[in-house]
Amino acid sequence: MPSTADARPQEALPYRWVILAVGILAYGTSQFARQNYAGVQIFIADDLGLDRGELGLLGSAFFYSYALFQIPWGVASDRFGSRSIIGIGMLLTAGTMFGFALGESTASLTFWRVASGIAAAAVYVPLTGGMARWFPERERGFSQGTLGGVGGAFGESAAYVLLPILAIYFASGWRQGLNLIGVAIAVLGVGCLMLFRSAPAAQVATTRKPFDWAMLADLQLWCYAFMWSGFVVGIR
């Protein structure tokens, strides 16, 4: 694993604000993927004859795969760099939006929700690691809080407000509206690959051994994991 010193920038570089802005947009796409069907679920249910149980299944299908793939994507980020993993995740997320828009049954929609969870899991964890390398310790809380708060609000607003507006007023239905959002996510993914940097030039952004099994014996790690899990359950 990289040392603590490697993860802390020696100075506050101006480009860190570009990193934060790109990170907010990137996390917004992940947050949108979580709720992509929620704002138009009435239209989906009417189109495909889904009941409340089936709509609930679409929600849970995403979160199981999202939770499961956080660790492998995080390991890949440490090995290959945050920028490439985040960009790939965003492009894959766009692909799952197109796939979901083609769904004609509960099974196909569930498949694309699972795939969306896998793709969206590639964004948040690599983002937090990448941003931590750019912001000095005194700004760490501000940067991470802004990423989660503003990025999360941006993504949920797109799901609950923007997508329904697109579907009703600017497209011919929820499928076409979702395709428009998918195109926007793909464009943002390309922009992330162009603008995001895994670390300042003077820092090491990757490691040859990104996962150490000894971490599993760290009591503080498990305490933090369960505390975070409880927090997420509480706010959902």
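Above this note sits the structure.
Residues numbered from 1 in each chain as written. Predicted model: local features only at pLDDT ≥ 70, side-chain atom pairs only at ≥ 80, totals over all residues. Heavy atoms only, no water.

Peer 1: With reference to specific residues and values, describe the overall build of the protein chain.
Peer 2: Looking only at helices and strands, one finds ten helices and zero strands in the protein chain. Counting from the amino terminus, helix and strand elements in the protein chain follow one another as α-α-α-α-α-α-α-α-α-α. Taken over the C-alpha trace, the protein chain has a radius of gyration of 18 Å; the compact-globule value for 236 residues is 18 Å, and the two agree within 12%. If one aligns the C-alpha atoms of the protein chain with their principal axes, the spans along those axes are about 55 × 40 × 30 Å. Sequence separation of at least 24 residues holds for 84% of the intrachain contacts in the protein chain that already meet a minimum separation of 6. Looking at the protein chain as shown, the accessible area adds up to about 12,000 Å², and 68% of this sits on carbon and sulfur atoms. Of note, the protein chain has its 15 positive side-chain charges centred 8 Å away from the centre of its 13 negative side-chain charges. (Helix = DSSP H or I, 4+ residues; strand = E, 2+ residues; numbered from the N terminus. Rg over C-alpha atoms; globule rule 2.2 N^0.38 Å. Contact = heavy atoms within 4.5 Å. Areas by Shrake-Rupley, 256 points an atom, 1.4 Å probe, with all protein chains shown as cover. Lys, Arg positive; Asp, Glu negative; His and termini not counted. Charge placed at Lys NZ, Arg CZ, Asp CG, Glu CD.)

Peer 1: Any details on the nonpolar core? Residues and values, ideally.
Peer 2: With 32 residues, the main nonpolar core has Phe32, Ile44, Leu50, Phe100, Leu109 and Leu178 as its most contacted residues. Not counting residues up to four positions away in its chain, the partners in contact with Phe32 are Met97, Gly155, Ala158, Ala159, Leu163, Leu178, Ile181 and Ile185. If you look at the next biggest cluster of nonpolar residues, it comprises 16 residues, including Ile19, Val22, Trp134 and Cys192. (Core = buried A, V, L, I, M, F, W, Y, C linked by side-chain atoms within 4.5 Å. Buried < 20%, exposed > 50% of the residue type's maximum accessible area, 1.4 Å probe, protein only.)

Peer 1: Can you explain the packing of helix 7 (residues 124-134) against helix 8 (residues 140-170)? Please cite residues and give values.
Peer 2: Relative to each other, helix 7 and helix 8 sit at 150°, their axes nearing to 10 Å. Accordingly, the angle class assigned to the pair helix 7 and helix 8 is roughly antiparallel. Between helix 7 and helix 8 lies a crossing of right-handed hand. Counted together, Tyr124, Leu127, Thr128, Met131 and Ala132 of helix 7 and Arg140, Ser143, Gln144 and Leu147 of helix 8 form the full contact between these two elements. Residues of the contact of helix 7 with helix 8, tallied by class, amount to five nonpolar, three polar and one charged. (Axes fitted to C-alpha atoms, helices over the stretch in contact; angles between N-to-C directions. Parallel < 35°, antiparallel > 145°, perpendicular 65-115°, else oblique. Left-handed = near helix turned anticlockwise from the far one by under 90°. Nonpolar A, V, L, I, M, F, W, Y, C, P; charged D, E, K, R; others polar.)

Peer 1: Describe the packing of aromatic side chains, and please don't skip the residues or the numbers.
Peer 2: Evaluation of the coordinates by the stated rule reveals nine aromatic pairs. Measuring from ring centre to ring centre gives 5.5 Å for Trp17 and Phe135, while their planes differ by 80°; the resulting arrangement is edge-to-face. Taken as a pair, Trp17 in helix 1 (residues 16-34) and Phe135 in the loop between helix 7 and helix 8 lie far apart in primary sequence, 118 residues in all. Given a relative accessible area of 0%, Phe135 falls into the buried group. Ring geometry for Tyr27 versus Tyr124: centroids 4.9 Å apart, planes at 45°, classification tilted. Here Tyr124 lies in helix 7 and Tyr27 lies in helix 1, a separation of 97 residues in the sequence. For Tyr27, a relative accessible area of 7% corresponds to the buried category. Three or more aromatic residues joined by ring pairs make a cluster, and in this case those are Trp17, Phe135 and Phe142. Above the ring of Phe80, the side-chain terminus of Arg79 is found at 5.5 Å from the ring centroid. (Phe/Tyr/Trp six-rings, centres within 6.5 Å; stacked < 30°, edge-to-face > 60°. Lys NZ or Arg CZ within 6 Å of the ring centre and 35° of its normal.)

Peer 1: Which residues make up the pattern of salt bridges, and what values do they have?
Peer 2: Evaluation of the coordinates by the stated rule reveals four salt bridges. Measuring nitrogen to oxygen at the nearest pair gives 3.9 Å for the salt bridge that ties Asp78 to Arg133. In this pair, Asp78 sits in helix 4 (residues 70-80) while Arg133 sits in helix 7, placing the two residues 55 residues apart along the sequence. The same class applies to Asp78 as to Arg133, namely buried. Through salt bridges with shared partners, a single network forms among Asp47, Glu104 and Arg175. (Salt bridge = Lys/Arg side-chain N within 4 Å of Asp/Glu carboxyl O.)

Peer 1: Which residues make up the side chain of Arg133, and what values go with them?
Peer 2: Its relative accessible area of 7% is what places Arg133 among the buried residues. At 3.4 Å, the side chain of Arg133 forms a polar contact with the side chain of Ser82. Reaching out from Arg133, the side chain makes a polar contact with the backbone oxygen of Ser198 at a distance of 3.1 Å. (Polar contact = N/O pair within 3.5 Å; in protein donor to acceptor, adjacent residues only side chain to side chain.)

Peer 1: Help me get a handle on a nonpolar patch on the surface, residues and values and all.
Peer 2: Together, Ile42, Phe43, Tyr160, Val161, Ile165, Ile168, Tyr169 and Phe170 make up an exposed nonpolar region whose accessible area comes to about 890 Å². Listing elements by their share of the nonpolar patch, those giving two or more residues are helix 2 (41-48) and helix 8. Counting residues per element, the nonpolar patch draws most heavily on helix 8, at six residues. Tracing the backbone shows Phe43 in helix 2. (Patch = residues over 30% accessible without salt bridge, like charges linked within 9 Å, V, L, I, M, F, W, Y side chains within 5 Å.)

Peer 1: Describe the side chain of Gln203, listing the residues and the values that go with them.
Peer 2: Within the fold, Gln203 resides in the loop between helix 9 (174-195) and helix 10 (219-235). Overall, Gln203 belongs to the buried group, its relative accessible area being 15%. Only 3.0 Å separates the side chain of Gln203 from the backbone oxygen of Arg133, close enough to count as a polar contact.

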